[in-house]
Structures are given as structure tokens and as C-alpha cells.
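# Survey of secondary and tertiary structure
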Amino acid sequence: MNHIKLAGLILYSLLTISCKQKDASVKKEKSNAESFIPEWVDKVGAKSFENKKEIFFVNDYGAVNDGETLNTEAIQKTIDACFDAGGGVVTFKPGSYLSGSIFIKSGINFIVPKGVTIKGSENIEDYKEIDTRVAGIEMVWPAALINVKEQTNVVLGGDGVIDGQGKVFWDYYWDLRKNDYEPRGLRWIVDYDAKRPRTVLVQNSKNIFVQDLNLQRAGFWTVQVLYSEYITVDGLKIRNNIGGHGPSTDGVDIDSSKWILVQNCDIDCNDDNFCLKAGRDWDGQRVNKPTEYVVIKDCIARQGAGLFTLGSETSGSIRHVFVSNIKGMGTKNGLNIKSATNRGGTVEDIYLENIKMDSVRTFMQVGMNWNPNYSYSKLPEEFNKDSIPVHWKKMLEKVDSEKGIPTFRDITLNNIHVKGAQTAINVNGLEQSVIDNITLNNVYIQAKTAGKISYSSNWILNNVKILPDDGGQVLSENTQKVDLPASVYQTK
């Protein structure tokens, strides 16, 4: 493909940014007539901007498209030159490009066109270590393959492929966990010591588009939006279950960020598909930054642990969330809210509508004592607490018992249709923290068993039908004003 034709395709892709925003607003106006939409929904996402159109090809700065030559330095050199020129477009001629961590700068459209593959290095040394947050803890960890850190007005897009080549990191994690850390009582820290690269990191940034890319085989989380605001994630296709099922290969993680729009994404992974986080334990409470004002709509969740997950990192609180028009196919859980008794934080004002799922483990999975072996840290006797790493000390820092108990409340589910579930509902609060104010409107769930509700109060049900194959009903323990009458249950 010659330069003129390629440049034309790149400029066309840039023009689609404003068009997509117009299409989204039309769709939103149409849905307003059909369902409740909070007034803040129109304010989320990156705002329109225009970067310069001058094109910088990485090939002109020494990048080699053979899939074997490490191009980290050449790609970064191109980015730096574009930034020094006042911004523009950084892009690639067709081919495959091997790279470690690169850092996109303000005013740049970083375009990976169709016919281009960026392959992540399989050597962790090629990922520069940075100050960041991983799984709720601030620490020094490898940067992502592609980073937007402390920048504004950036587009990361194109129809090309970004392949994290993550299997080598999956294998490393499982070996370290099973053959070293678990036998020594260190399950709680192995996820932090087994350093693996994320694919895309947007950190401390504002007004960023991440769109249209094909992302696959992430070494760890695929897209993390951290400490950022006014971010749009649009039209991503994520395929992480190629050549195996990697640990912690989340799709999109929104982490202590606000005014976020996620739409038109199709995710197949081995952990949470769409996940909101806000820090964990003592360190998360120290940072104390919420995730709030988040819209996720018009997406598909395939394999994965949760179609929509809140937590388990809840310390800074998660609130004001609107999720609409999501299809789940083979996803383990539908709505999954999870935390632990050392996390704290409040999950509230959560609204889900127009959700369809098939072949799910549990549709509504809510609990406050998630995965104890991972959630609760205990230092084995053979270690000296004064000589352990800083991030170990953070994980071992005690949380006041009252501050550690999370709060879940004000959750609405509207127009839900689920078939092929193992369990319909599994909602369990604590004696110290009753899950309060749950509303279900127009909900239909076909499952093998109905499930259980404990330590919960004030459920409102309108047109709810549960079809349990075993003919049972939802078991209710330690609840107040949670009435599921016989009319809720249907038989075949």
C-alpha cells in the first residue's frame, strides 16, 4: 500500500471520532423514551478535539516490520518527534512490529491500521517499571505495552491488532503460584510479585479515546483506566482466550476514575469482562479515590468471570453507574459485586437495564467475603516483617474493623432475561452490613436452582419470574422486607 492511500485511510479513521459521538447521542435520545436514564449520563466520555494531521511513520524512524526486531526505541522516537512538532498522527506501514512499553503523548493520534500487528515482547525486561496501581495497591510495576500516562487529547485507535503474546506470562504466574507461593502460604501476594504486562494503560489522563482496536492475549489486564477522567473506550474487540486461558486477563477495568464511557465492545477473556475498581484494603483507603459516573452500553460479554463486576477492590467506593444493552454468552456471572471485610467502601446507585444472558453460572452474585485465601494477608512465621518488600507491608497493614466492612445499597435491575443459569440469585450480606434497597423490574431468570438471599433488606419486585429446574424457591435468611411470593416462581 502506497503512502497516499495509507494516509487517506488514516485521515478517514480520524474523522470517525466526531461521527461516532453523534451516532451515540442519537441512540441515547431514542432510548430515553424507553427507560430511565440518569441526567448525568450525557456528560460522560471524552470530548471532541482535533489534533494536527501531520503523519509520522514509525518506519521512517527505524522501525522494522518483520515481527522479530524489537522496535520499542524506534516507535518511542517517532512519538517524541510528533510531540515535539506540536502533535499529529503516529502510524505504521503494513506488517508486524515487536515492542516493549511505549508512551503516547498529548496531542497525538496513535493509529494502528488494518494490516498492522503490534506484538508485545515476551521479555518482562522490555516493560519499563513505573509508579502505578495494580489490583488495588500502589506500587512499582511494569508499564503496559501501550501507555497514556499524564496526558490529554490522545486517540489510540485503528482497525489493526495489538497482540500481548501473554501466554509466557500466564505460565510464569501459574508456576510461581502453584510450585512456590501457595506451598509457603503466600497466595495473597503472588498476584503482585508475578509481574505481567497490561496491554493498554490510561493513567492520570484526561480526554482520551481508545477505539476500534483488536486486542488479544493480554499478559494481565487488557485495558486499565486509572485515576483518569473523561475517557471513551469504544468498539474494542478483545480476544484473550487464544491458545489458553490466562489468569487475570480482564477485559476493561475502570479504576478510581470518573466520567467514563465504554460502548460497542466485544470481550472474550478469562476473568472479569467489564469491571469497576476503587482500591483495596489499607492502601485503597489511604488513596480514597472513587470510581463514579460510568456508562457501559451496547456491548457483548463472552467467556469471562463476570459480565459486569464491581470490586473486589471497593475501598474508595463505586457509585453512579449505568449499564445498558449488554449480551452475555457463556459468562460465569451476570452482576457480580464482591468485596472483603478489610476493604470497606460503598457500592451504591447502580442501574442495569436490558441485559440478556445465556449459559451463566449465577446471574446475580453479591458477597462481602470474596476469595479469603487471596483477600486476607498473613505473613508466615519464617519471614522478617522488617525486611519484606514495601508492597507486602501495605498488604499486611491492618484495617480498622469498622472501616473494613463494605456497604452495598441502591441497586436496580430492569428488563433482564437470563436462560441456562446454574443459580438465579446468590446475594449475601453480613450481620454488620445488610445489603439494602434492591429493585427488580421485568426480570426473567431460568436456572437449575433459585438460590439464596441473606442479610438483605427492602427488595422491590415488579414482574419478576424465576424458573428453577429443581422446583425450589430462593432461600431467605436474616432478611427484612424481602418478599418473593409464590407467584414469582414458574414451573415448566
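Computed from a predicted structure; not experimentally measured.

Right, let's get into the overall build of the protein chain. The number of helices and strands found in the protein chain is 8 helices and 31 strands. For 492 residues, the compact-globule estimate of 2.2 N^0.38 gives 23 Å, and the protein chain sits close to it at 23 Å. Overall size of the protein chain, expressed as C-alpha extent along the three principal axes, is 70 × 65 × 35 Å. In the protein chain, which comprises 492 residues, the proportion classed as buried is 59%.

Note that strand β29 (residues 407-428) and strand β30 (residues 435-468) share 14 bridges and pair parallel. Across the sheet, the residue bridging to I416 is V443, located in β30. The pairing of β30 with strand β31 (residues 475-480) spans 5 bridges and is parallel. Note on β31: the bridge partner recorded for S454 is E477.

In total, this model carries 23 salt bridges according to the counting rule given. For K149, the salt bridge goes to E150, with nearest N and O atoms at 3.8 Å. For K149, a relative accessible area of 21% corresponds to the partly exposed category. Between D272 and K338 there is a salt bridge, with the nearest N and O atoms lying 3.5 Å from each other. Residue D272 is located in the loop between β21 (266-268) and β22 (274-277), and its partner K338 is located in strand β26 (residues 333-338); the two are separated by 66 residues in the primary sequence. Comparing D272 with K338, the two get one shared label, buried. Taken together, the salt bridges that share partners define one network made up of E138, D283, R286 and K394.

With that settled, consider the side chain of N241. With respect to the helices, strands and loops of the structure, N241 is situated in the loop between β18 (237-239) and β19 (252-255). In this structure N241 comes out as buried when scored by relative accessible area, which is 14%. Side chain to side chain, N241 and D268 meet in a polar contact 2.8 Å long. Within polar-contact distance, the side chain of N241 engages the backbone oxygen of C269 at 2.8 Å. Non-local contacts of N241, meaning those with residues more than four positions away in its chain, are made with D268, C269, N270 and Q303.

What follows is about the confidence of the model for the protein chain. Per-residue confidence for the protein chain gives a mean pLDDT of 93; residues scoring 70 or more make up 93%. The element-level mean pLDDT for the protein chain is lowest in helix α1 (residues 3-32), coming to 44, with strand β13 (residues 200-203) highest at 99. Confidence drops under a pLDDT of 50 for residues 15-33, and excluding neighbours within four residues, the segment shows 21 contacts in the predicted structure.

Right, let's talk about the side chain of T222 for a bit. Here T222 is to be found in the loop between β15 (214-216) and β16 (223-226). The class of T222 is buried, set by a relative accessible area of 1%. Not counting chain neighbours up to four residues away, the residues in contact with T222 comprise T199, V200, L215, I238, N240, T249, D250 and G251.

The rules we used
- Along each chain, numbering runs from 1 in the same order as the chain's sequence is written.
- Side-chain atom pairs in this predicted model are given and counted only at pLDDT of 80 or more, local residue features only at pLDDT of at least 70, and totals for whole chains, interfaces and linings cover all residues.
- Note that water and hydrogens are dropped before the side-chain values are worked out from all heavy atoms of the structure.
- To qualify as a helix, a DSSP run of H or I must reach at least 4 residues; to qualify as a strand, a run of E must reach at least 2; elements of each kind are numbered from the N terminus.
- The globule rule used for comparison is 2.2 Å times the number of residues to the exponent 0.38, while the radius of gyration itself is calculated over C-alpha atoms.
- Only protein chains enter the calculation, and the probe is 1.4 Å; a residue is then buried if its accessible area is under 20% of its type maximum, exposed if over 50%, and partly exposed in between.
- Between any two strands, at least two bridges found by DSSP are needed for them to pair.
- For this document, the term salt bridge refers to a Lys or Arg side-chain nitrogen within 4 Å of an Asp or Glu carboxyl oxygen.
- Here a polar contact is taken to be a pair of N or O atoms separated by no more than 3.5 Å, where protein atoms must pair a possible hydrogen donor with a possible acceptor and residues adjacent in sequence count only if both atoms sit in side chains.
- The criterion used for residue contact is that any of the two residues' heavy atoms lie within 4.5 Å.
- A score from 0 to 100, pLDDT tells how confident the predictor is in each residue.

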